[in-house]
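Observations on the three-dimensional arrangement
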Amino acid sequence: QAPSYAMKFSFFSSAAALSALIATVSVVKGDDVLQIHGSGTTNPTKCIWLIMQDFMERTKLPTKFTYRGVGSSTGQFEFMGTNHTGDFAYVPWNYFGSGDIPFSQENYELLNSNGDEFYQMPFVMGAISVFHNIPGVPG
């Protein structure tokens, strides 16, 4: 079952943001397991998995988190549900996304025009290397 946008956050995943996400998801009853899925950039994947493991161990609700490192653009497409058509157009695949690029103003307005409010929250800076070659300069 696809998550509703009311229960989702697009963010550069952090412990605080995951806490806020859990607080917005409806209460789990009986033996049900609360499942929260996300996807996006690969850079912080291990950090996100570590945070998720900690949450699964500490939460009082039976909870399962998953995160797939598939790239920022794919994470955004899955969050928006842009690969769906017809009655399923813009039905999201996951509850949150992580990326090193923000949503475009066009996509932000598109989701909000459908009544699907979401939040973008930066959480971490990662190392980025730039390589170049200047002819004639010894390496």
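Everything in this summary refers to the structure shown in the same document.

Turning next to the environment of F79. The topology assignment puts F79 in helix α3 (residues 72-80). Taking the C-alpha atoms as reference points, F79 and G97, 18 residues apart in sequence, are found 6.1 Å from one another.

Further remarks concern the packing of aromatic side chains. One pass over the full model with this rule turns up three aromatic pairs. On the basis of an interplanar angle of 15° and a centroid distance of 6.1 Å, the ring pair of Y67 and F96 is categorised as stacked. Within this pair, whereas Y67 is found in strand β3 (residues 63-69), its partner F96 is found in strand β4 (residues 96-98), the two being separated by 29 residues in sequence. Just as Y67 is buried, F96 falls in that class too.

Attention shifts here to the pairing of strand β2 (residues 34-40). Burial within β2 is extensive, with five of its seven residues counted as buried. Where β2 and β3 come together, seven bridges link them in parallel fashion. Within β3, the position partnered with H37 by the bridge is T66. Where the polypeptide runs from β2 across helix α2 (residues 45-58) and back to β3, its parallel neighbour, the crossover connection is right-handed. Looking at chain direction, β2 and β4 are connected through three bridges and run parallel. Across the sheet, residue G40 finds its bridge partner in β4, namely S98.

Think of it this way: side chains of opposite charge can pair up when their charged atoms draw near. Tallied over the entire structure, the rule returns two salt bridges. Across the pair D54 and R58 runs a salt bridge whose closest N-O atoms are separated by 2.8 Å. Remark: R58 and D54 occur in helix α2; sequence separation between them is four residues, near one turn of the helix. What makes D54 partly exposed here is its relative accessible area of 31%. Among the salt bridges present, the one from E78 reaches R68, with a minimum N-O distance of 2.9 Å. Placement of the pair is E78 in helix α3 and R68 in strand β3, with a sequence separation of ten residues. Taking relative accessible area as the criterion, E78 reaches 5% and is therefore assigned buried.

Cut-offs used in this document
Residues numbered from 1 in each chain as written. Predicted model: local features only at pLDDT ≥ 70, side-chain atom pairs only at ≥ 80, totals over all residues. Heavy atoms only, no water. Helix = DSSP H or I, 4+ residues; strand = E, 2+ residues; numbered from the N terminus. Phe/Tyr/Trp six-rings, centres within 6.5 Å; stacked < 30°, edge-to-face > 60°. Buried < 20%, exposed > 50% of the residue type's maximum accessible area, 1.4 Å probe, protein only. Pairing = 2+ DSSP bridges. Right-handed = clockwise from strand over helix to strand, strands pointing away. Salt bridge = Lys/Arg side-chain N within 4 Å of Asp/Glu carboxyl O.

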